[in-house]
Amino acid sequence: MPMKRTELTRPYPQVRMGAEVSYGGSQNWFPGKSFVACGCGVIACADTLLYLTGRDGLTREEYLCYVNLLRVFFPLIPYRGIDGARLALGMNLCLRRAGLPLRALWCVSDARFWERVEAQLSDDLPAVISVGPNFPIVWGKERVTLYRRTEDEFVPAERTKGHFLTATGLDDEWLRVSTWGSERYIRRVELDRYRKTQGAVFTNLLRLRRIS
C-alpha cells in the first residue's frame, strides 16, 4: 500500500546564486556571528512569507535585503535567538502588514502535533517547526539527525538542536524540511523520540490558521 504524502502545492522559494539555486534561505549568508548562530527563526518566517505572497527566484542580494527589512519584527537576544511566542508575534505583524488573512499561534498539544502539521501542509501553508533545546539538561548532547536524499537512500547530513526549520511535505515516515538553504529530511520516529525525551513543548509548531 503506497504511503500517504502531503506537501505544498507550489515550489518552495528558491534563491539564485549564480548557476546555483537554494531550497529556501540561510542565516549563514548574513554578516554577524550572532545572526548566523540564532537567525534560523527569522529565516523560516521570511521564507514562509515569500511562499504565501508568491515571491520566488530572488537573487541572494535581493533575499538579504528582504530579510533585513523583516528583522525589526523579530528582535533577537544576541546568541540566544528568539522563542516561539515572540516568533508568532512577529509573524502576526508581518501577516497583517502583507494583508494576508492568516493568524500565527505558537504551540500545539503533543497528541495533535502531527495532525496539525499535516493539516497545515494540506492547506498549502508552510509549517515552521522548532527542534527545541535539550531539556531539562540544557547542556546535553542529544540532537535530531537531518538527512540528505540521494537517488537510492537517505544519508545523514547534519545533526541539530535549538533550531527552527520549515516543513514543506511529509509522508508516513519522513518530514521534508528547508534549513540552511537546503532540502533535508527528518525521520518522524526520531523526532518523536526527541520530543518525548527532551520536551514536546519546546519541539513544536508555529501554527498558521486562516481567518475570515
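For the structure itself, consult the block above.
Residues numbered from 1 in each chain as written. Predicted model: local features only at pLDDT ≥ 70, side-chain atom pairs only at ≥ 80, totals over all residues. Heavy atoms only, no water.

Chemist: Help me understand the overall build of the protein chain, please; the structure alone is not making it clear to me.
Modeler: Secondary structure summary: the protein chain contains six helices and twelve strands in total. Relative to a compact globule of 212 residues, whose C-alpha radius of gyration would be 17 Å, the protein chain shows 16 Å and is just as compact. Structurally, the protein chain occupies a C-alpha span of about 40 × 40 × 40 Å along its principal axes. Across the 212 residues that make up the protein chain, the buried fraction comes to 50%. Taking contacts inside the protein chain between residues at least 6 apart in sequence as the whole, the part at least 24 apart equals 65%. For the protein chain, the exposed surface amounts to about 11,000 Å²; the carbon and sulfur share of it is 53%. Of the side chains in the protein chain, 31 bear a positive and 23 a negative charge, and the two mean positions are spaced by 8 Å. (Helix = DSSP H or I, 4+ residues; strand = E, 2+ residues; numbered from the N terminus. Rg over C-alpha atoms; globule rule 2.2 N^0.38 Å. Buried < 20%, exposed > 50% of the residue type's maximum accessible area, 1.4 Å probe, protein only. Contact = heavy atoms within 4.5 Å. Areas by Shrake-Rupley, 256 points an atom, 1.4 Å probe, with all protein chains shown as cover. Lys, Arg positive; Asp, Glu negative; His and termini not counted. Charge placed at Lys NZ, Arg CZ, Asp CG, Glu CD.)

Chemist: Which parts of the structure should I look at to understand the side chain of Thr 160?
Modeler: Here Thr 160 lies in strand 8 (residues 154-160). A relative accessible area of 4% means that Thr 160 is categorised as buried. Setting aside its immediate chain neighbours within four residues, Thr 160 contacts Val 131, Arg 143, Val 144, Leu 146 and Trp 180.

Chemist: Would you mind showing me how to read the environment of Thr 145 here?
Modeler: Looking at where Thr 145 falls in the secondary structure, it is placed in strand 7 (residues 144-149). Once the C-alpha coordinates of Thr 145 and Arg 187 are considered, the two residues, 42 residues apart in sequence, prove to be 8.0 Å apart. Excluding residues within four positions of it along the chain, Thr 145 makes contact with Pro 156, Glu 158, Arg 159, Tyr 185, Ile 186 and Glu 190.

Chemist: Got a minute to help me understand the environment of Leu 95 in this structure?
Modeler: By the secondary structure assignment, Leu 95 is in helix 4 (residues 84-98). Residue classification places Leu 95 among the buried positions, given a relative accessible area of 1%. Measuring from C-alpha to C-alpha, the distance between Leu 95 and Trp 106 comes to 15 Å, with eleven residues separating the pair along the chain. Once you skip the residues sitting within four places of it in the chain, Leu 95 turns out to touch Leu 49, Leu 52, Leu 100, Leu 102, Arg 103, Ala 104 and Leu 208.

Chemist: Is there a simple way to explain the pattern of salt bridges in this structure?
Modeler: Using the criterion set out here, one finds nine salt bridges in the structure. Close ionic contact of Arg 86 with Asp 83 constitutes a salt bridge, the shortest N to O distance being 3.5 Å. You can call Arg 86 partly exposed: its relative accessible area is 27%. Owing to a relative accessible area of 39%, Asp 83 belongs among the partly exposed residues under this scheme. Salt-bridge contacts for Asp 110 lead to Arg 195; the nearest nitrogen and oxygen are separated by 3.0 Å. Of this pair, Asp 110 sits in the loop between strand 5 (102-106) and helix 5 (113-122) while Arg 195 sits in helix 6 (residues 188-198), and the two are 85 residues apart along the sequence. (Salt bridge = Lys/Arg side-chain N within 4 Å of Asp/Glu carboxyl O.)

Chemist: Can you help me understand the nonpolar core in this one?
Modeler: Counting residues in hydrophobic clusters, the biggest one holds 35 residues, and the most contacted among them are Tyr 63, Val 67 and Leu 95. Of all elements in the fold, only helix 2 (40-52), helix 3 (60-70), helix 4, strand 5 and strand 12 (205-210) reach the threshold of two or more residues within this core. Examining the composition of this core, we find that nine residues originate from one element, helix 2, more than from any other. Those residues within four positions of Val 67 in sequence are excluded, and the remaining contacts are Phe 30, Phe 35, Val 42, Ile 43 and Ala 46. With 23 residues, the next largest nonpolar core counts Tyr 51, Val 131, Leu 175 and Tyr 194 among its residues. (Core = buried A, V, L, I, M, F, W, Y, C linked by side-chain atoms within 4.5 Å.)

Chemist: Explanation requested: the pairing of strand 11 (residues 182-187) in the structure shown.
Modeler: Consecutive side chains of a regular strand alternate in pointing toward one face of the sheet and then the other. Note: strand 10 (residues 174-179) against strand 11, six bridges, orientation antiparallel. Within the sheet, the bridge partner assigned to Thr 179 lies in strand 11 and is Ser 182. Connecting the antiparallel pair strand 10 and strand 11 is a turn made up of two residues, with Trp 180 showing a positive phi of about 55 degrees. (Pairing = 2+ DSSP bridges.)

Chemist: Hey, could you run me through the packing of aromatic side chains in this one?
Modeler: Evaluated as defined, the whole model comprises ten aromatic pairs. Relative to Tyr 23, the ring of Tyr 12 lies with its centre 5.3 Å away and its plane at 45 degrees, an arrangement referred to as tilted. Taken together, the residues Tyr 12 in the loop between strand 1 (6-7) and strand 2 (15-17) and Tyr 23 in the loop between strand 3 (20-21) and helix 1 (33-38) connect sequence positions eleven residues apart. When its relative accessible area of 4% is taken as the criterion, Tyr 12 is described as buried. Its relative accessible area of 14% is what places Tyr 23 among the buried residues. These aromatic residues form a ring-pair network of at least three members: Tyr 147, Phe 154, Trp 174 and Tyr 185. Its end group placed over the ring of Tyr 147, Arg 187 keeps NZ or CZ at 5.5 Å from the ring centre. (Phe/Tyr/Trp six-rings, centres within 6.5 Å; stacked < 30°, edge-to-face > 60°. Lys NZ or Arg CZ within 6 Å of the ring centre and 35° of its normal.)

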